[in-house]
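Residue-level listing of the chains:
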Amino acid sequence: MSDLDDRRDYGVRSVQLALDILEIIAMSGEELGVTQIADQLRLTKGSVYRHLQTLVERGYLTQNLQTTRYHIGPRSRMLARLSVQPDLIHAAEPLLWDLRNTVGQTVVLSEMGARGAVVVKTVPGPSPIEIGVRPGSELAFHASAQGKILLANAPESLQKLVLAGPLRRFTDHTITKRSALEAELQLARKRGDVSAPEESILGLNAIAAPIFGEDGSCVAAIAIVGSIQFIQLETNQRTSQKLTEAARQVSNALGHRPAKDSVDAPAQAATIKQKIKRRARRPYQ
């Protein structure tokens, strides 16, 4: 290998390490010290520290001078705000709260990521025992309801790429056979929703429905998340109907107009806009 190749390889590893550090701190939900980060990455504190200092200098991380620990900085928060479609959050948020209040469970909004569904908004359920997914989490295409519904409505090229790769087994219920996943995706397209009982974590389930943009592409997914005791796609048709209706209304608010839409679509869109305005005038409860 030439010196140029060596430098390129080192540069790629350096970028990967910087991104790993950002993800670990963002996902932790708390400040982390250099030893904690190094232990998770199985690296020396020296190599991690150099990357931490660069990220602090660039504003992607901030160091607490009292504890010497690190947390997400202003530039990372700015990128997070810019990366999510503002129209999506604006259109979905009041409907997420309405759905949460109707079904009494946590409701999650996700966008398409490189390896799965990326959570961009979580509305926690009313139960004192909170079950949810932290914003920024990336859920595997094949092992989550959000991932499967996004993949089911994704371009064929992406579907082939995911189906051709190894499908990691998270639990004994994870779908790892290509033929079984293909059948699941076909059923999801036909039904308009899909579940993932205990496929990522034992005891948990989710039901997800797709959100479509003005150009007809699937841009996001809404999911109801909770204990498998309460979330069952096959037996709780009312919950499924409420979910798919909320997803349809968000799609309408984003300008999606399927050919089979009724002539009342403009009136429905106006109703959604009124809900958004009402929500904007009062804090969410």
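Scroll up for the structure.
Remember, it's a predicted structure, so these values are computed and weren't measured experimentally.

1. Notes on unusual backbone geometry
1) Next: Residues other than glycine seldom take positive phi values, yet R42 does so here, at roughly 60°.
2) Next: Tracing the sequence through the fold places R42 in the loop between α2 (34-41) and α3 (45-57).
3) Next: Here R42 falls in the exposed class, since its relative accessible area comes to 78%.
4) Next: Even without a glycine there, the phi angle at T68 is positive, about 65°.
5) Next: With respect to the helices and strands, T68 occurs in the loop between β1 (61-63) and β2 (70-72).

2. A word on α2
1) Next: Listed in full, the buried residues belonging to α2 are I37, A38 and L41. Down the axis of α2, the smallest arc covering the buried residues is 95°, so these residues share one side. Exposed residues pointing more than 90 degrees away from the buried face of α2 are listed as D39 and Q40.
2) Next: Directly beyond the C-terminal end of α2, a positive phi value near 60° is found at R42.

3. Looking at the packing of helix α6 (residues 145-152) against helix α8 (residues 178-191)
1) Next: Orientation of α6 relative to α8, taken along the N-to-C sense of each, is 80°, at an axis distance of 9 Å. It follows from the interaxial angle that α6 and α8 lie roughly perpendicular. Residue-level inspection shows K148, I149, L151 and A152 of α6 in contact with α8, the latter providing L181, E184, L185, A188 and R189.
2) Next: For the contact of α6 with α8, the class distribution of residues is six nonpolar, no polar and three charged.

Each value, and the rule that gives it
Residues numbered from 1 in each chain as written. Predicted model: local features only at pLDDT ≥ 70, side-chain atom pairs only at ≥ 80, totals over all residues. Heavy atoms only, no water. Helix = DSSP H or I, 4+ residues; strand = E, 2+ residues; numbered from the N terminus. Buried < 20%, exposed > 50% of the residue type's maximum accessible area, 1.4 Å probe, protein only. Arc of directions from axis to C-beta. Axes fitted to C-alpha atoms, helices over the stretch in contact; angles between N-to-C directions. Parallel < 35°, antiparallel > 145°, perpendicular 65-115°, else oblique. Contact = heavy atoms within 4.5 Å. Nonpolar A, V, L, I, M, F, W, Y, C, P; charged D, E, K, R; others polar.

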